[in-house]
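# Structure at a glance
Residue-level listing of the chains:
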Amino acid sequence: MKFIKILLLFITLQVSAQQGGMWIPSLLEGMNEQEMTDLGSKLTAKDIYDVNNSSLKDAIGHFNGGCTSEVISPKGLILTNHHCGYSQIQSHSSLENDYLKDGFWAMSLEEELPNPGLFIEFIVRIEDVTTQVLNGVTEEMTEKEKQSTISKNSNAFEAEVKKEAWQDTKIKSFYKGNQYFLFVTERFNDIRLVGAPPSSIGKFGSDTDNWVFPRHTGDFSMFRIYADKDNRPAEYSTDNVPYKPKHFLPISLDGVEEGDFTMVFGFPGTTDEYLPAVAIEHITKEYNPSNIAIREAALEVIDKNMKASDDIRIKYASKQARIANAWKKWIGENLGIEKSNAVEERRAFEATFTKALKEKGLEEKYGNILPQFDVLYEKFADINIKRRSFIEVFIVTNELMNMTFRANQFEQAVTQNPEAFDKAKESIESTLTGVHKNYNAKVDKGVFVNVMPFYTDNVDATIYDKTAFVNLDAALKLFDGSAEEVLKNLNNDAAYAYAKPMIDNFYNVINPEFQVENELITALETEYMTALMIALPDARYFPDANSTLRVTYGQVRGYSPKDAVYYMPVSYLDGVIEKYVPGDYEFDVPQKLIDLYEAKDYGQYADTNGKVPVCFLGTNHTTGGNSGSPAIDAHGNLVGLNFDRVWEGTMSDMNYDPEICRNIMVDLRYVLFIVDKYAGAKHLIDEMKLVHPKK
Ligand code: ARG
Ligand code: ASP
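These notes cover the structure that comes with them.

Criteria and cut-off values
- Residues numbered from 1 in each chain as written.
- Chains lettered and ligands numbered in written order.
- Predicted model: local features only at pLDDT ≥ 70, side-chain atom pairs only at ≥ 80, totals over all residues.
- Heavy atoms only, no water.
- Salt bridge = Lys/Arg side-chain N within 4 Å of Asp/Glu carboxyl O.
- Helix = DSSP H or I, 4+ residues; strand = E, 2+ residues; numbered from the N terminus.
- Buried < 20%, exposed > 50% of the residue type's maximum accessible area, 1.4 Å probe, protein only.
- Pairing = 2+ DSSP bridges.
- Near = heavy atom within 4 Å.
- Polar contact = N/O pair within 3.5 Å; in protein donor to acceptor, adjacent residues only side chain to side chain.
- Areas by Shrake-Rupley, 256 points an atom, 1.4 Å probe, with all protein chains shown as cover.
- Nonpolar A, V, L, I, M, F, W, Y, C, P; charged D, E, K, R; others polar.
- Phe/Tyr/Trp six-rings, centres within 6.5 Å; stacked < 30°, edge-to-face > 60°.
- Core = buried A, V, L, I, M, F, W, Y, C linked by side-chain atoms within 4.5 Å.
- Contact = heavy atoms within 4.5 Å.
- 1 Å grid on protein atoms, 1.4 Å probe; cavity = no way out; pocket = protein on both sides within 12 Å on 5 of 7 lines; lining within 4 Å.
- Points joined across faces, edges and corners; volume = space filled by probe spheres on them.
- Axes fitted to C-alpha atoms, helices over the stretch in contact; angles between N-to-C directions.
- Parallel < 35°, antiparallel > 145°, perpendicular 65-115°, else oblique.
- Left-handed = near helix turned anticlockwise from the far one by under 90°.

## Here's the deal with the pattern of salt bridges
Side chains that differ in charge, positive against negative, can pair when their charged atoms come close. Within the structure shown, the criterion is met by 36 salt bridges. Residue Arg313 pairs with Asp310 through a salt bridge whose shortest N-O separation is 3.3 Å. Highlighted residues: Arg313 and Asp310, both in helix H11 (residues 310-339), separated by three residues, approximately one helical turn. We note a salt bridge from Asp686 to Lys682, for which the minimum N-O separation is 3.1 Å. Here Asp686 and its partner Lys682 are both found in helix H25 (residues 682-687), four residues apart, which amounts to about one turn of the helix. Among the charged side chains, a salt-bridge network with shared partners connects Lys329, Glu333, Arg645 and Asp653.

In C-alpha cells, the structure reads:
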C-alpha cells in the first residue's frame, strides 16, 4: 500500500513536471527550479541566470536573429546548426569550392571566413519593466491610445537605462501585453566560419527525414566570434582577435540515457499556446492547407530542376530548404492537432474557464470573450488566407513577382518623396543583384505557372519573354536615368505592368482589411490572457515565445506515435549506414565515414555499448529559433545540439502534448567524432573542455 502511494506520488510528480513551457531565465527561482530538480537537475536558478556572476546564459547567443548558438571554448568558438549557417556556407561555395557538398574546415585562425551581415547577440541582463511601460494606460483607452502610451513610455525608459556604450536595449511584450521586460544586449558583428560537415552529414536525410524520427543528421556547423583588442564588439577587421567569453560550455563525453534531465536554452521564435479553439480550427482546416498547396506547387518545379543540374542545386539550395521546411511542418502540425484531439480539448478547457468565470462572478466582465472570438474569426478567416496567399506567391515562392513587388516599393518611395530617389535606387539595385545571384528564369517561370493560379485567374506566363527583370543587366538598366524616366521604363515593363494592379490591391484593400481584423483579435487576446490568469490563477502559465531567451526542460524520452509503435530515444551511426543509398541526393554517405564505421575507429566518442550515438529525443518544449540551442545536462555541460522536432509533435506551437511532443538533438559525441575523426580538425577539440560527469 505504502509502495503504491509512493508510486502514485512519483507518477503525479512526473506528469506535473512534464508539461512543457518556455520560461524566462531570470524568473526560475521557485516553481521552475523545483520542477527541474524533480527531473534530476543539479543546477540552481543562479547557475543558469545571474547578473553579477558569469552563468550559463553568458554562453548563449542569438544567431543572426533567427537561430541559437553557444560558446564552446575560451576562444569564442561557436556551435550552431548546419541549417542555421547554411546560407553562409552557401555564400562561400562555388562549383570549384563546393563547401555545401564537401564541407569546410579552417585549419588555422587565418583560414576562418568572414561573413558580412552575420551577427551574434548575448543577453547582459533582463528586467521586469511592466509598471513603467504600462504607466498611464487605462481600460477606457482605445487600442491605439494604449499602444501609443506604451511606446512613449518604452522609449523614455530605454533612453534612461544604465548600460555600457557598446550595449543595446530592447523592451518586449509578454503574456500578450500583460507584462513587459527590458533586455540589455551585446551584439558581435565579426563572426567567421570555422567548419561545416558536408551536406551528406549536416543535412543527411534532407527533406525526407526533416521533422521525423528516427533521425541521423549531423546538423551542426562552427563559427568564431571576433572582438576588438578590449574584447568588445567590433565591425570586421583583420586586427580583431578571438572573443574571450564570460562563460563557455564544457562538453560531456558521457552522453545521456533515457530518463536523464536535459534543459534547452535558447531563443524560441513564436508560439501561440493560448489560442481559442476556433482559431486552431481555422489554422488547421483552412489556413495551413492553403499555404501547403502553394508551396507544394512551387517545390514540384524546384525539386525537379535541382536534381537535374548542379548549378541549380547550389543556387536554389537555401531557398528550397526554406520553402520545404515550413511546408512539411504544417502538414505535421495538422496531423498532430487531429491526433491529439486538440480542438475538442481546447473546447473542454474553455468550458472550465467559463465555469470558473461564473463561480467568481466574472461573467459580466469576461464572459463575452470566447463568443467574441467566434464572431471575429468568422470575419478574419477569408482575409487572412487571401493576404497570406499573396505573401506566399509574391514574396516566398515566385521571384519575378518578388522583384516587381520590390520595384513597386521603389516606386512608392520615389512618388512619395522625390528626394528619396538615390537611396531607393541603391536599395532596389542591391535587392535585384541579390536575387539574381541565385536565380534561374526557367525555373522561376515554372514556379510562376504553378503557383499563380492559387492567387488569380489572370495567369500570363508570356511576361517572362518580355520583361527585363529576368536578366540582371537589363533589370538594372530599368533604373538608369532621371526619376521620371525610371518610373516610365518601369511601368512599361511587361511583368511590372502585369503585377502592379495586384500589388496595389494588396496595399490598398487586402492588407488594410487584414490589419483591422487582426488588431481586434490581438486586443481580445490580451483581454483573454488577463481573464485566464484571474479566473484560473493556479494554472501554470508561460509566456508565448517572442524571440527572447528562454529555458525549457525535460528528460530524454522515446515516444509512441501510433498503436504498437515505439521510437527509442537514441539513434546510432549504424542507422546512418542502414539508410545509405549510394549517389542519392538525400541519403548518400561520404566514403570516409563508411571507412571509420567499418574500422570502428570511434576514438573517445562511442557510448558504453560501443556505438556512436547520432541523435536523441527529449521532452523539451522547443520551437523554430531553438535550432542550434544547447541541450545541457544536470550539471551544466553540453550534451546535445537541438535542431528539430518530431512530426507528430510540431503542433507544440499551439498545443504541447507531453505524450508525443519531442525535440530532436544531435549528440555532442557525434559532433566531436566528425570534427576529430572525419575532418581531422583536432585543433578545435583541443580548444574545448571535455568532461566526464558520470565517471
Ligand atoms: N525542421 C528543422 C527546422 O525547422 C530543420 C530544418 C533544416 N533541414 C531541412 N532539411 N530543411 O528548422
Ligand atoms: N528546426 C527548427 C529551427 O530551425 C527548430 C524547430 O522548429 O523545432 O529553429
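What follows picks up the thread again.
## Some points on the pairing of strand E2 (residues 67-71)
Extensive coverage of E2 is indicated by the burial of five of its five residues. Where burial is concerned, the two faces of E2 agree: the one with Cys67, Ser69 and Val71 and the one with Thr68 and Glu70 are both buried. Relative to E2, strand E1 (residues 60-63) is paired through four bridges, and the arrangement is antiparallel. Bridge pairing links Phe63 to Cys67 in E2. Remark: five residues form the turn of the hairpin made by E2 and strand E3 (residues 77-80), two consecutive strands paired antiparallel; Gly76 in that turn has positive phi of roughly 70°.

## Topic: the site of ligand 1
Taken together, His83, Lys203, Ser206, Asp207, Asn210, Trp211, Ala321, Asn325, Phe643 and Asp644 form the complete shell of residues around ligand 1. At a separation of 2.9 Å, an oxygen atom of ligand 1 approaches a polar side-chain atom of Asn325. A distance of 2.8 Å separates a nitrogen atom of ligand 1 from a polar side-chain atom of Asp644. Burial of ligand 1 by the protein amounts to 89% of the accessible area it has alone, namely 340 Å². Elements with a minimum of two residues in the shell around ligand 1: helix H9 (206-209), H11 and strand E20 (638-645). For the shell around ligand 1, a count of residues per class yields three nonpolar, four polar and three charged.

## Concerning the site of ligand 2
Taken together, His83, Trp211, Thr623, Gly624, Gly625, Asn626, Ser627, Phe643, Asp644 and Arg645 make up the full set of residues adjacent to ligand 2. Residue Gly625 places a main-chain N or O atom 2.6 Å away from an oxygen atom belonging to ligand 2. Taking Ser627, its side chain carries an N or O atom lying 2.5 Å from an oxygen atom of ligand 2. Protein chains bury 91% of the 270 Å² of accessible surface belonging to ligand 2 in isolation. Here the shell around ligand 2 is composed, by residue class, of two nonpolar, six polar and two charged.

## With respect to the packing of aromatic side chains
Scanning all chains against the criterion turns up 32 aromatic pairs. Centre to centre, the rings of Phe380 and Phe514 are 5.7 Å apart; their planes meet at 35°, and the pair counts as tilted. With Phe380 in helix H14 (residues 369-397) and Phe514 in helix H21 (residues 494-535), this residue pair connects regions lying 134 residues apart in the sequence. In this structure, Phe380 and Phe514 share a single accessibility class: buried. Seen from their ring centres, Tyr670 and Phe673 are 6.3 Å apart, and the 25° between their planes marks the pair as stacked. Note that Tyr670 and Phe673 are positioned in helix H24 (residues 668-678) at a spacing of three residues, about one turn of the helix. Among the aromatic residues, ring-to-ring pairing joins Phe390, Phe394, Phe405, Tyr455, Phe506 and Tyr507 into one connected group.

## Considerations on the nonpolar core
Within the largest apolar cluster, 193 residues are counted, with the highest numbers of intra-cluster contacts made by Met222, Phe469 and Tyr670. Excluding residues that lie within four positions of it along the chain, Phe469 makes contacts with Leu400, Met403, Thr404, Ala407, Leu432, His436, Ala475, Leu478, Phe479, Leu490, Asp493 and Tyr496.

## Let's talk about empty space enclosed by the protein
In this approach, a probe sized like a water molecule rolls over the atoms, and the result shows the empty space that is left. According to the stated counting rule, one finds two cavities of 30 Å³ or more in the structure shown. Roughly 40 Å³ of volume is contained in the largest cavity. Lining of the largest cavity is provided by His62, Glu121, Ile123, Lys170, Lys172, Phe183, Phe267, Ser547 and Thr548. Of all elements in the fold, only strand E6 (120-128) and strand E7 (167-174) reach the threshold of two or more residues within the lining of the largest cavity. The space that makes up the second largest cavity amounts to roughly 30 Å³. As for the second largest cavity, its lining consists of Asn620, His621, Thr622, Arg645, Gly649, Ser652, Tyr656, Cys661, Arg662 and Asn663. Residue composition of the lining of the second largest cavity, grouped by class: two nonpolar, six polar and two charged.

## Re the packing of helix H10 (residues 277-308) against H14
Where H10 contacts H14, the two axes come as close as 10 Å, and the packing angle between them is 15°. With respect to their mutual orientation, H10 and H14 come out roughly parallel. In the crossing of H10 with H14, the sense of the turn from one axis to the other is right-handed. Contact with H10, carried on its side by Val278, Ala279, His282, Glu286, Tyr287, Ser290, Asn291, Ile294, Arg295 and Ala298, involves Phe373, Asp374, Tyr377, Ala381, Asn384, Ile385, Arg388, Ser389, Glu392, Val393, Val396 and Thr397 of H14 and no other residues of that element. Partitioning the contact of H10 with H14 into residue classes produces 11 nonpolar, six polar and five charged.

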